Amino acid sequence: MKFAVVLAFAALFAVAVAAPAAPEATVLRSDSDVRPDGFSYALETSDGTSKQEQGELKNAGTENEAIAVKGSFSWVAPDGQTYTVNYIADENGFQPSAAHLPVAPEA
């Protein structure tokens, strides 16, 4: 019984080692700007992945001080389709929107 378990583990290990590695992506563009009152950055890689984001300090110096963020990210899925998510993150929480995300029925 122990031999069968060891043999099964060895076979699974061999399959995992033999699996082709995913190609490495290289950075095509990387920009950033960090300020005391906000930030922005953008990143794009050779595999079709990209991300952009901007943040702004709201109500500076008050007890309601917070950062409001807007951004988006995209990637190419295994089926070849590019998916993009746009979002806002502020005092109302994280609010994503995208054509491929489900939408709750109207109340």
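The protein chain is annotated in an unreviewed UniProt entry as Larval cuticle protein 65Ag1-like of Drosophila kikkawai.

> Can you help me understand the pattern of salt bridges in this one?
Should their charged atoms come close, side chains of opposite charge can pair. With the rule as written, the count across this model stands at six salt bridges. Across the pair Lys51 and Glu53 runs a salt bridge, and its minimum N-O distance is 3.8 Å. Three or more residues are tied together by salt bridges with common partners; here these are Arg29, Asp31 and Glu44.

> I'm lost on the pairing of strand 1 (residues 27-35) in this one. Help?
The side chains of a regular strand alternate, first on one face of the sheet and then on the other. Counting buried residues in strand 1 gives zero out of nine residues, a small share hidden from the surface. As defined by bridge partners, strand 1 adjoins strand 2 (residues 38-45) across eight bridges and the pair is classed as antiparallel. Note that in strand 2 the partner of Asp33 across the bridge is Ser40. From the end of strand 1 to the start of strand 2, which pair antiparallel, there are two residues.

> How should the sheet that holds strand 2 be read in this particular structure?
Read across the sheet, six strands follow the order 1-2-3-4-5-6 without closing on themselves; strand pairing throughout is antiparallel. Here the strands that pair on one side only, and so sit at the sheet edges, are strand 1 and strand 6 (93-97). Neighbour to neighbour, the strand axes of the sheet diverge by 10° on average, direction disregarded. Relative to strand 5 (residues 82-90), strand 4 (residues 66-76) runs antiparallel, the two sharing eight bridges. Considered in strand 5, the bridge of Phe73 is made with Val85.

Conventions adopted
- Residues numbered from 1 in each chain as written.
- Predicted model: local features only at pLDDT ≥ 70, side-chain atom pairs only at ≥ 80, totals over all residues.
- Heavy atoms only, no water.
- Salt bridge = Lys/Arg side-chain N within 4 Å of Asp/Glu carboxyl O.
- Buried < 20%, exposed > 50% of the residue type's maximum accessible area, 1.4 Å probe, protein only.
- Helix = DSSP H or I, 4+ residues; strand = E, 2+ residues; numbered from the N terminus.
- Pairing = 2+ DSSP bridges.
- Axes fitted to C-alpha atoms, helices over the stretch in contact; angles between N-to-C directions.

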